[in-house]
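# Coordinate inspection notes
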Amino acid sequence: MIDNIEINQLELIEDKSCIIDIREPYELNSGYINGAKNIPMGILLMDPDNYIVKNLTYYIICASGGRSGRTCMMLQNKGFNVVNVAGGMCSYR
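Here is a short report on the structure shown in this document. Just so it is clear, the structure is predicted and the values come from calculations on it, not from any experiment.

Another aspect to go through is the pairing of strand S5 (residues 81-86). With five of six residues buried, S5 is to be regarded as a mostly interior element. As defined by bridge partners, strand S1 (residues 3-6) adjoins S5 across four bridges and the pair is classed as parallel. Paired with Asn4 across the bridge in S5 is Asn84. Both strand S4 (residues 57-61) and S5 contribute to a ladder of four bridges, which runs parallel. Counterpart to Tyr59 in the pairing with S5 is Val83.

Structural data, given as C-alpha cells:
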C-alpha cells in the first residue's frame, strides 16, 4: 500500500527538489510547483536509480493522481521511499 498526501501538504516540505513531477514537459504549461523536478514517468521508471536514491523520500505528482499512484507502486516495489500526491496538479491552486 502506498502513502498519500494532499497537495496542500506539499507547502510544509522545505526541500522542493524531493517533489518529482512525472508529467510530460508539454503538460507543465498548465502550471507547476516551483522547485519540483520534472522527470516524465516513462523516463523515471526506465532507470530510477539514475534519478532518485533509496535513502530519501520523494513526493510523486502528476496531473490527477493516477499516474503518480501507479509510479509510486512500481518504485516502492523496487525499494524506493515514495509518497503519492493525491489529486495531482488538478487539485493545486
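Back to the write-up after that little detour.
Moving on, we come to the environment of Asn38. Tracing the sequence through the fold places Asn38 in strand S3 (residues 37-38). By relative accessible area, Asn38 is classed as partly exposed at 28%. Residues Asn38 and Glu11, spaced 27 residues apart in sequence, show a C-alpha to C-alpha distance of 18 Å. When sequence neighbours within four positions are dropped, the list of residues in contact with Asn38 reads Asp21, Arg23, Pro25 and Leu28. Here the side chain of Asn38 touches Asp21 through a polar contact of 3.0 Å, landing on its backbone oxygen. A polar contact of 2.8 Å, which involves the side chain of Asn38, links it to the backbone oxygen of Arg23.

Criteria and cut-off values
Residues numbered from 1 in each chain as written. Predicted model: local features only at pLDDT ≥ 70, side-chain atom pairs only at ≥ 80, totals over all residues. Heavy atoms only, no water. Buried < 20%, exposed > 50% of the residue type's maximum accessible area, 1.4 Å probe, protein only. Helix = DSSP H or I, 4+ residues; strand = E, 2+ residues; numbered from the N terminus. Pairing = 2+ DSSP bridges. Contact = heavy atoms within 4.5 Å. Polar contact = N/O pair within 3.5 Å; in protein donor to acceptor, adjacent residues only side chain to side chain.

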